[in-house]
Amino acid sequence: RKEVEQDPGPFNVPEGATVAFNCTYSNSASQSFFWYRQDCRKEPKLLMSVYSSGNEDGRFTAQLNRASQYISLLIRDSKLSDSATYLCVVKDTGRRALTFGSGTRLQVQP
Amino acid sequence: DAMVIQNPRYQVTQFGKPVTLSCSQTLNHNVMYWYQQKSSQAPKLLFHYYDKDFNNEADTPDNFQSRRPNTSFCFLDIRSPGLGDAAMYLCATSRGTGSGANVLTFGAGSRLTVL
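Residues numbered from 1 in each chain as written. Chains lettered and ligands numbered in written order. Predicted model: local features only at pLDDT ≥ 70, side-chain atom pairs only at ≥ 80, totals over all residues. Heavy atoms only, no water.

A few words on the pairing of strand 8 (residues 73-78) of chain B. All names here are of chain B. Of all six residues making up strand 8, five are buried, and the element is well covered by its neighbours. One ladder, built from six bridges, connects strand 3 (residues 19-25) with strand 8; its direction is antiparallel. Paired with T20 across the two strands is D77, which belongs to strand 8. In this structure, strand 7 (residues 64-70) lies alongside strand 8, joined through five bridges in antiparallel fashion. The residue of strand 8 that forms the bridge with N70 is F73. (Buried < 20%, exposed > 50% of the residue type's maximum accessible area, 1.4 Å probe, protein only. Helix = DSSP H or I, 4+ residues; strand = E, 2+ residues; numbered from the N terminus. Pairing = 2+ DSSP bridges.)

Okay, here's the thing in structure tokens:
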């Protein structure tokens, strides 16, 4: 089983739609969680950290479910500019390095 | 304004011809990382430095080496590139301590082609 798993997609949605991605992680001791966005042939950029109580940043909402070991990202009112790959990133207790999922590709269509 | 700078952005080499990729940062971050990313795959950590403390991932091939001569610079050396080493190489930094300790800032990457 991969340490961090994501549905690769692609998720094809119309503008204005709401879309949600999940990411599961295997290590119950994982302590920090992030969503990064990566545009085609570009570097990943931090979208948002994921806090235990859930957090929201504009149209984006992140949730953490420790019992089921997954995190989620909800995007409301999708824009064309949201088209990208969304990477789930996890940091385990006792490890300094972060582990990336292979990403979920989102394509927002006009 | 750029904070993590990688050079070169594109590198073409021949099979077996050594290459060196460089990374510099103006953030004064303690930790520097090298990731390898192939098409449609997750970035894969090769190694990282916490200050001068070098940490090699167990599955990083010996063909890959790294140097960090000072806080600002880090190098990735590929001693004998094979066709399977063609990838995007991403340098990243993080504070390592305090608020936002684990947030990564990436450079734009160096795309390696092996002929």
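Structure shown, so let's carry the discussion forward.
This paragraph deals with the packing of aromatic side chains. Counted according to the given criterion, the structure contains 14 aromatic pairs over all chains. Between the aromatic rings of Y35 of chain B and F106 of chain B, the centroid separation amounts to 5.9 Å while the plane-to-plane angle is 50°, which identifies the pairing as tilted. Here Y35 of chain B, found in strand 4 (residues 31-37), pairs with F106 of chain B, found in strand 10 (residues 105-106); they are 71 residues apart in sequence, far enough to count as distant. F106 of chain B matches Y35 of chain B in its accessibility class, with the two residues each being buried. An aromatic cluster is built from F34, Y36 and F100 of chain A together with Y33, Y35 and F106 of chain B, whose rings are joined through pairwise contacts. (Phe/Tyr/Trp six-rings, centres within 6.5 Å; stacked < 30°, edge-to-face > 60°.)

All names here are of chain A. In total, this model carries two disulfides over all chains according to the counting rule given. Put simply, C23 and C88 are joined by a disulfide, and their sulfur atoms are 1.9 Å apart. Taking the torsion about the sulfur-sulfur bond, which here is approximately -70°, the covalent link between C23 and C88 counts as left-handed. Highlighted residues: C23 in strand 3 (residues 19-25) and C88 in strand 9 (residues 84-92), separated in sequence by 65 residues. On the basis of relative accessible area, C23 is assigned to the buried category, the value being 0%. Overall, C88 belongs to the buried group, its relative accessible area being 0%. (Disulfide = S-S within 2.5 Å.)

We now examine the pattern of salt bridges. A full pass over the atoms with the stated rule returns six salt bridges over all chains. The partner of K79 of chain A in a salt bridge is D77 of chain A, and the shortest N-O contact between them spans 2.9 Å. When the shortest N-O distance is used, the salt bridge between K44 of chain B and D59 of chain B registers 3.4 Å. Linking K44 of chain B in strand 5 (residues 44-50) with D59 of chain B in the loop between strand 6 (53-56) and strand 7, this pair joins segments that are 15 residues apart in sequence. (Salt bridge = Lys/Arg side-chain N within 4 Å of Asp/Glu carboxyl O.)

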